[in-house]
Amino acid sequence: MAATMFDGKVALVTGASRGIGRAIALELGAAGASVGLSARNRAALEAVAVEVQARSTAGARARVFPADLEDPAAPRRLVEEAAGGLGRLDFLVCNAGLAVSLPVQQTTVETWDRLMAVNARAVFLLCQAATPHLAAVAGRIVIVTSIVATQGYVNQSAYSASKHAVMGFAKALAREVHPLGIRVHVVAPGGVDTDLVSAMRPDLDRSGLIAPAEVAEAVCFLLSRRGNAVVDEVAMRRAGKLPWS
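As the structure is a prediction and not an experimental result, all values here were calculated from the model.

Trainee: Can you explain the nonpolar core? Please cite residues and give values.
Mentor: Ranked by size, the top nonpolar core spans 37 residues in total, and within it Phe 6, Ile 24, Leu 28, Leu 37 and Leu 223 carry the most contacts. Per-element tally for this core: the top contributor is helix α7 (residues 212–224), with 7 residues. Other than its neighbours up to four places away in sequence, Ile 24 contacts Val 13, Val 93, Val 144, Ala 216 and Val 219. Within the second largest apolar cluster, 33 residues are counted, among which are Ala 82, Ala 129, Ala 130 and Ala 170.

Set out below in structure tokens:
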């Protein structure tokens, strides 16, 4: 992607300390965007910020905004801090997520509520807070979901329910903010080579998993679209999986 593709743009990426979020931040920075990085671990975020700035050839800035999205007050505070600290907000990338692998009978209310809080409620609150900023610049929202947003897997009931919830939210939000000039996109990858997937599916051969950088490329492709053709969703599968499965 051209080093000046997003020159002058500002993005906020959640879950940016590792995995997919880190890859998205690096890709955005390399394309010229200034990036607000958010996750719970400040030290990890600061390390990513150094990487982002090292890869940028357009003078992009990277700033860290630690936040625990389980706290219902955190999303709005995060958006305001990022928009204020970086001067504007053009792109919101909702990537942070939690997952557990448990049978329904072993899933506690506390586990269910925690996944819903981070995977669904936080996305709602982030988008709600970001909408006025994005409306001012015809901005974009990308929500990173999962293949489980449309399918169900054994021992992933709570995780799947949270991702189904955020997919429904994304579809409704896209229509609601369309008159404001805001575009909402969803990226739904299958198995990605991250710590989260390894913990959920230790049986998978990591050599066959999607690379985080490949998801990041899809996100930046969506953000780079300027014309009349709009891609609402990018669904990604592992090469070893059957097509349309």
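Trainee: So, the packing of aromatic side chains: which residues are in play, and what are the values?
Mentor: Applying the stated rule across the entire model yields 2 aromatic pairs. Each ring, one from Phe 6 and one from Phe 91, has its centre 5.3 Å from the other, and the planes form 75°; the classification is edge-to-face. In this pair, Phe 6 is assigned in the segment before β1 (10–14) and Phe 91 in strand β4 (residues 91–94), connecting sequence segments 85 residues apart. According to the relative accessible area criterion, Phe 6 is buried, its value standing at 0%. Given a relative accessible area of 3%, Phe 91 falls into the buried group.

Trainee: Lay out the environment of Asn 119 in plain terms, naming residues and giving numbers.
Mentor: Structurally, Asn 119 is set in helix α4 (residues 109–135). When residues no more than four places from it in sequence are discounted, the contact partners of Asn 119 are Ala 96, Gly 97, Leu 98, Tyr 159, Ser 162, Lys 163 and Val 166. Here Ser 162 takes part through its side chain, which lies 3.0 Å from a polar atom of the side chain of Asn 119.

Trainee: For the sheet that holds strand β7 (residues 233–236), give the residues involved together with the corresponding values.
Mentor: Spatial ordering of the open sheet is given by β3-β2-β1-β4-β5-β6-β7, a layout of 7 strands whose pairing is parallel. A single partner strand is all that each edge strand has here, and the edge strands are β3 (62–64) and β7. Direction aside, the axes of adjacent strands within the sheet are offset by 15° on average. Of the strand pairs in this sheet, β4 and strand β5 (residues 140–144) are connected by 4 bridges, and their pairing is parallel. When the bridges of β5 are listed, Val 93 appears paired with Val 142. Contacts from α4 reach β1, β4 and β5, with the element oriented near 175° to β4. α7 contacts β4, β5, β6 (183–189) and β7 of the sheet and is inclined by roughly 160° relative to β6.

Rules used throughout
Residues numbered from 1 in each chain as written. Predicted model: local features only at pLDDT ≥ 70, side-chain atom pairs only at ≥ 80, totals over all residues. Heavy atoms only, no water. Core = buried A, V, L, I, M, F, W, Y, C linked by side-chain atoms within 4.5 Å. Buried < 20%, exposed > 50% of the residue type's maximum accessible area, 1.4 Å probe, protein only. Helix = DSSP H or I, 4+ residues; strand = E, 2+ residues; numbered from the N terminus. Contact = heavy atoms within 4.5 Å. Phe/Tyr/Trp six-rings, centres within 6.5 Å; stacked < 30°, edge-to-face > 60°. Polar contact = N/O pair within 3.5 Å; in protein donor to acceptor, adjacent residues only side chain to side chain. Pairing = 2+ DSSP bridges. Axes fitted to C-alpha atoms, helices over the stretch in contact; angles between N-to-C directions.

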